[in-house]
Every structure is written in structure tokens, then in C-alpha cells.
Amino acid sequence: MPRRVDHAERRAEIAEALVRAAGRLGLHAVGMRDVAAEAGVSLRLVQYYFESKEKLLLFGLQHLAGRFGERVSARIAAAGSDPGPRAVIEALLAAALPVDAESRTFHHLYTAYAVLSVTDEALAAQPFIKDPDAAEATVTALLRRAADAGLLRPGTDPSAAAAGLLALSAGLGTGVLVGQRTAESATAILTYHLDRIFQPAEGTGRPRRSAPAKGDPAQAVSAGDSATP
């Protein structure tokens, strides 16, 4: 009997081919024929799963967001069984920095999607902005939890601080991508700004240890696992 086709797996394979081809050719230049060649399948098959390039690009964006969520979850898991709000925020921001091949491709393509959506009506009509909004809501919730535990400096606005941290991370990521600064200096800058938001530990001048986040930390970022890098 012929092997049963797993359509979800086939769509994911095509999305991975899009990521590879777009990382090499540029998102603006890659076409469905390029993706088919990269995936080792026919153009007709790509068109069967994705009727247009815009639909393929949108699915590719969602695929990238899922991969980013897995990356964040892995970093949170590495932080220990009970990471506090600061550790979760650090994991999310650090995961977005383009420090290796995977994260460089993610930052490059996610930024390219944002730029293309400005001039491409089909992409602009898609809910592109909801994922960065979800990331901001997640970081804001973590900062509010930290504020309730007395871990933030007086006068810190969790909502404004969350927006600032994510914007800073995105800008630093682009700087690393184009060679303006090193990943180490970008990480140091993020740490500097987190130190200005979080209270220092008493008598040490160092940031206080965050109280454990309620629930599963990985779930805390699931809604915002596609934060704009």
C-alpha cells in the first residue's frame, strides 16, 4: 500500500525550504519555484498546498514563530525549574538576538516580513502585528508580577518598560546582524537596562533574585513566542 501522506508534515517541510531559500536569496526575491527546488518537490505540489506566494509567506512566518517559541522554551528550561520573571524575560530577549545561524536567519526573515508587509497589500491584510503585540503583553504581565513582588524599581511602568525592552532587543538584534556590534555587547546592554528596571539585591548592588513565576514559565511566553527580534 502507498504510504499515507502527512499533510501537516509536508507543509512544514515546504516552510523549512522557504526559510532556507529566503535566507540565501532574500525574502523579496524568493519565488515558489525556488522553494520547490529547495524542497526537492514539484512546483505543482507547492501550489497545491499554498495557492499563492503570499499564503506561503504567511505560513512561513507562523512556522518561524513556532520555532522561536521552542527556542525560548529551551532557554527557560535551562534557567532552572523555577525561574522568576526576570529570568523568563532574559530568556525571551536573549533568544531573539542573532547569535547563531538559526537565530540570524530568524531575525533576518522576520524583519524582512515586517518590511514587505508595509508595501505588500496581501501581507498587510494578514494579522502580522498580533504576534509582537502578544510578546509585549507577555513581558508586561511578567513585569507586573515582578512589581507585585516588590522586585521593580519605584516608578517603573511595566507596560512602557516591556515596550522599551522589546524595541531595544529588536534594534540590538539588527545591529548584531549587520556587524555594528557583537552579541556580547548587545547582551551587556540588555543586562544594563534590566538592571535599571529591577531592584538590586539588598547590600550587594546586584539585581535581586526574582520570585518564581506562577505556573509553567514556558506557558508564560507561549502567547508571545513570536516576539519581533
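Everything below is about the structure printed above this text.
Values in this document were obtained by computation on a predicted structure and should not be read as measured data.

Regarding helix α1 (residues 7-25)
An ideal rise of 1.5 Å per residue puts 27 Å on 19 residues; α1 measures up with 26 Å between its terminal C-alpha atoms. The complete set of buried residues in α1 reads I14, A15, A17, L18, V19, A21 and A22. Along its buried surface, α1 packs onto α2 (32-39), α3 (43-49), α4 (53-78) and α6 (101-119). In this structure D6 caps α1, since a side-chain oxygen of it lies 3.2 Å from the backbone nitrogen of A8. Following α1 by one or two positions, G26 adopts a phi angle in the positive range, close to 100 degrees.

Focus on the side chain of R71
Positionally, R71 belongs in helix α4. A polar side-chain atom of R71 sits 3.2 Å from the main-chain carbonyl oxygen of A95.

Quick word on the packing of α1 against α6
Where α1 meets α6, the axes come as close as 10 Å, and the angle between the chain directions of the two elements is 85 degrees. For the element pair α1 / α6, the angle class is roughly perpendicular. Mapping the contact onto sequence places L18, V19, A22 and G23 in α1 and T105, H108, L109 and Y113 in α6. Split into classes, the residues belonging to the contact of α1 with α6 amount to five nonpolar, three polar and no charged.

About the criteria used
Position numbers for residues count from 1 along each chain, tracking the sequence in the order it is written. Per-residue local features of the predicted model are confined to residues with pLDDT of at least 70, and side-chain atom pairs are confined, for both listing and counting, to 80 or more; whole-chain, interface and lining totals are unaffected and use all residues. Only hydrogens and water are set aside; all other atoms, that is, all heavy atoms of the structure, feed into the side-chain values. Helical segments are the DSSP runs of H or I of at least four residues, strand segments are the runs of E of at least two, and each set is numbered from the N terminus. Helices are assigned an expected span. That span is 1.5 Å times one less than the residue count. When a residue's accessible area, from a 1.4 Å probe over protein chains only, is under 20% of the maximum for its type it is buried; when over 50% it is exposed; and in between it is partly exposed. By definition in these notes, contact holds between two residues if any of their heavy atoms fall within 4.5 Å. Identification of polar contacts relies on pairs of N or O atoms within 3.5 Å, with a donor-acceptor requirement for protein atoms, meaning one able to donate a hydrogen and the other able to accept it, and with residues adjacent in sequence counted only if both atoms are side-chain atoms. Fitted lines through C-alpha atoms give the axes, limited to the stretch in contact for helices. The angle between two N-to-C directions lies from 0 to 180 degrees. In this scheme, roughly parallel covers angles under 35 degrees and roughly antiparallel covers those over 145, while 65 to 115 is roughly perpendicular and the rest are oblique. Amino acids outside the nonpolar list (Ala, Val, Leu, Ile, Met, Phe, Trp, Tyr, Cys, Pro) and the charged list (Asp, Glu, Lys, Arg) are all regarded as polar, and Gly is one of them.

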